[in-house]
Amino acid sequence: MTRLQPDDICHITPNLAGYSRELEKKTGRSLLGIACHACNLDEGQCKARMQDKQICVVPVTAGLGIISRFSDTVAAILTFLGCRAKVADQTDVSGVAQAFASGYDALMMADDHRFVAIDLHTRQVTDNADAAGRGFAAALDLMAGGIRDRDVLVLGCGPVGASGAAMLASLDARVALLDKDRRAAEWVKETVSGRYRTADIIIEEDLETALSYHRFVLEATPVPDTITGTLVSPEMRVAAPGVPSGVSAEAAAMLGPHLVHDTLEIGVAVMAVSLVYGPIRIKR
Ligand code: 2YH
């Protein structure tokens with residue numbers, strides 16, 4: 001799993017309004033709108049309820065330690081969405097204790113392996129990988145003008161790709177999977193097929209061939225330059241939650257408004273909405 005670097009996130013806080021406007025241009029929905037779409041929720045109702053949640057972001061020193069501005073940035077995204085969010089004064093156990101003792105509704109915290117939101121009333125846990133997969137699949141659905149009955153390629157069958165594939169299957173897309181580890185693709189195919197009773201999911205073997213006939217792509221690998229300029233076609237729409245992005249700089253420039261990629265915003269937005277509304281209603 002890729003550990004975020006300060007350079008991956010330092011631009012986020014001052015540009016939240018601009019990023020949300022950019023998403024609106026690309027998908028027709030704001031940052032909150034995409035998160036609501038991912039959770040099958042009405043944005044107006046959700047907006048009104050965001051401020052009910054008081055969320056404590058707890059910095060974690062375990063493993064490789066604090067990432068400069070990580071907690072501040074998560075809190076800034078939550079605040080932008082309308083939640084009441086604060087970074088704990090202390091780290092680790094003391095921060096968790098503060099979140100409970102001070103009456104927060106939820107906490108968010110990340111180590112080198114997981115980034116989670118925990119509802120302190122219901123004990124519901126939302127994982128960032130799951131949230132990002134759903135959020136970017138929702139953005140792809142919006143860019144496609146509806147992904148139902150369309151062929152969509154999911155690159156990377158880790159936790160983010162698996163979650164995105166499940167979301168896309170729930171939207172009745174025809175899902176194709178590709179992972180350098182075929183067993184990972186088989187596992188996702190089995191899991192998602194069982195959950196949504198769809199026999200349609202296929203496994204692709206070759207990246208160039210698969211990209212040559214897929215217009216809609218969820219790029220969920222952490223491998224830079226998975227999609228290079230030569231593999232991009234003008235009609236392609238790509239949602240790329242991978243960090244670092246698997247879309248090369250040249251391919252990103254070619255895709256322009258047809259690419260959605262960020263390192264934290266959409267995943268955190270889906271986590272926030274799931275805190276406000278409880279378990280995500282993924283199946284339409
Ligand atoms: O970047 C990470 C991991 N790759 C998990 C991300 C899950 N998608 N974790 C952030 C670590 C933050 C650090 N412990 C802090 O500043 O609190």
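Predicted model only: the values in this text are computed from it and were never measured.

Trainee: For this particular structure, what's the right way to read the overall build of the chain?
Mentor: Broken down by element type, the chain carries twelve helices and eleven strands. Its C-alpha atoms give the chain a radius of gyration of 18 Å, within 12% of the compact-globule value 19 Å for 284 residues. The principal-axis extent of the C-alpha atoms belonging to the chain is close to 55 × 35 × 35 Å. Within the span of the chain, comprising 284 residues, buried residues form 56% of the whole. Accessible surface, the chain as shown: approximately 12500 Å² in total, 52% of it carbon and sulfur.

Trainee: Whenever I open this one, the packing of helix H7 (residues 128-143) against helix H12 (residues 265-277) confuses me. Can you help?
Mentor: When two helices pack together, their arrangement is captured by the angle between the axes and the distance separating the axes. The interhelical angle for the contact between H7 and H12, taken along N-to-C directions, is 105°, at an axis separation of 8 Å. Considered as vectors, H7 and H12 are oriented roughly perpendicular to each other. The segment H7 lies against H12, with Asn128, Ala131, Ala132, Arg134, Gly135 and Phe136 engaging Ile266, Gly267, Val268, Val270 and Met271. Looking at side-chain class alone, the contact of H7 with H12 contains seven nonpolar, three polar and one charged residues.

Trainee: Whenever I open this one, the pairing of strand E1 (residues 54-57) confuses me. Can you help?
Mentor: Along any regular strand the residues' side chains alternate between the sheet's two faces. Bridge count for E1 against strand E2 (residues 84-87) is four bridges, and the pairing is parallel. The residue bridging Ile55 from the neighbouring strand is Ala85, located in E2. The β-α-β motif built from E1, the intervening helix H5 (residues 70-81) and the parallel element E2 has right-handed crossover chirality. Strand direction decides the pairing type here: E1 and strand E3 (residues 106-110), joined by three bridges, are parallel. Bridge pairing in E3 places Val57 opposite Met108.

Trainee: Before we go on, may I ask you to explain unusual backbone geometry in this structure?
Mentor: A negative phi angle is the norm for most residues apart from glycine, just as the trans form is the norm for most peptide bonds. Following Val243, the chain continues into Pro244 via a peptide bond in cis, with omega recorded as -5°. Within the secondary structure layout, Pro244 lies in the loop between strand E10 (237-240) and helix H11 (249-255). With phi around 70°, Arg123 is a residue other than glycine that occupies positive phi space. Relative to the elements of secondary structure, Arg123 occurs in the loop between strand E4 (115-119) and strand E5 (125-127). Residue class for Arg123 comes out exposed when judged on its relative accessible area of 71%. In this model, Asp149 sits at a positive phi of 65°, which is unusual for a non-glycine residue. Take Asp149: it is sitting in the loop between H7 and strand E6 (151-155).

Trainee: What am I meant to see in the domain arrangement of the chain here?
Mentor: Frequently, the measure chosen for interface size is the accessible area that the parts lose on association. Domain annotation for the chain reports domain 1 (6-128 + 265-277) and domain 2 (130-261). Contacts between the two partners involve 17 residues from domain 1, matched on the other side by 18 residues from domain 2. The junction of domain 1 with domain 2 conceals about 1300 Å² of combined surface from both sides, 67% of it contributed by carbon and sulfur atoms. Counting the contacts that link domain 1 with domain 2 gives zero salt bridges. Taken together, the connections running from domain 1 to domain 2 amount to seven residue pairs in polar contact (both at pLDDT 80 or more). Contributing elements (two or more residues each) for the side of domain 1 that touches domain 2: helix H2 (16-27), helix H3 (31-38), E5 and H12. Across the side of domain 1 that touches domain 2, the residue classes tally to eight nonpolar, five polar and four charged.

Trainee: What am I meant to see in H2 here?
Mentor: Helical geometry note: an α-helix holds 3.6 residues per turn, so side chains three or four residues apart project in the same direction. The terminal C-alpha atoms of H2, which comprises twelve residues, lie 16 Å apart, in line with the 16 Å expected from a rise of 1.5 Å per residue. Residues of H2 that are buried: Leu16, Tyr19, Ser20, Leu23 and Thr27. Around the axis of H2, the buried residues are gathered within 100° of arc, so they sit on the same side. The exposed set on the far side of H2, more than 90 degrees from its buried face, consists of Arg21 and Lys25. Contacts made by the buried residues of H2 are with H3, H5, H7, strand E11 (259-261) and H12. The first or second residue beyond H2 is Gly28, which carries a positive phi of 90°.

Trainee: Would you explain the environment of Val217 in this entry?
Mentor: Within the secondary structure layout, Val217 lies in strand E9 (residues 216-219). In this view, Val217 contacts Leu140, Val152, Leu153, Leu155, Leu211, Ile227, Met236, Arg237, Val238 and Ala239; residues no more than four positions away in its chain are not counted.

Trainee: Please clarify how the site of the ligand should be interpreted in this entry.
Mentor: Around the ligand sit 15 residues in total, of which Thr2, Val60, Ile67, Ala110 and Asp111 are the nearest. Here Asp111 contributes a backbone N or O atom positioned 2.8 Å from a nitrogen atom of the ligand. Asn128 places a side-chain nitrogen or oxygen 3.0 Å from a nitrogen atom of the ligand. Expressed as a share of its isolated accessible area of 460 Å², the protein-covered part of the ligand is 93%. In the shell around the ligand, the residues fall into nine nonpolar, three polar and three charged.

The rules behind the values
- Residues numbered from 1 in each chain as written.
- Predicted model: local features only at pLDDT ≥ 70, side-chain atom pairs only at ≥ 80, totals over all residues.
- Heavy atoms only, no water.
- Helix = DSSP H or I, 4+ residues; strand = E, 2+ residues; numbered from the N terminus.
- Rg over C-alpha atoms; globule rule 2.2 N^0.38 Å.
- Buried < 20%, exposed > 50% of the residue type's maximum accessible area, 1.4 Å probe, protein only.
- Areas by Shrake-Rupley, 256 points an atom, 1.4 Å probe, with all protein chains shown as cover.
- Axes fitted to C-alpha atoms, helices over the stretch in contact; angles between N-to-C directions.
- Parallel < 35°, antiparallel > 145°, perpendicular 65-115°, else oblique.
- Contact = heavy atoms within 4.5 Å.
- Nonpolar A, V, L, I, M, F, W, Y, C, P; charged D, E, K, R; others polar.
- Pairing = 2+ DSSP bridges.
- Right-handed = clockwise from strand over helix to strand, strands pointing away.
- Domains from an automatic or database assignment.
- Buried area = accessible area lost by both parts, 1.4 Å probe.
- Salt bridge = Lys/Arg side-chain N within 4 Å of Asp/Glu carboxyl O.
- Polar contact = N/O pair within 3.5 Å; in protein donor to acceptor, adjacent residues only side chain to side chain.
- Expected span 1.5 Å × (residues − 1).
- Arc of directions from axis to C-beta.
- Near = heavy atom within 4 Å.

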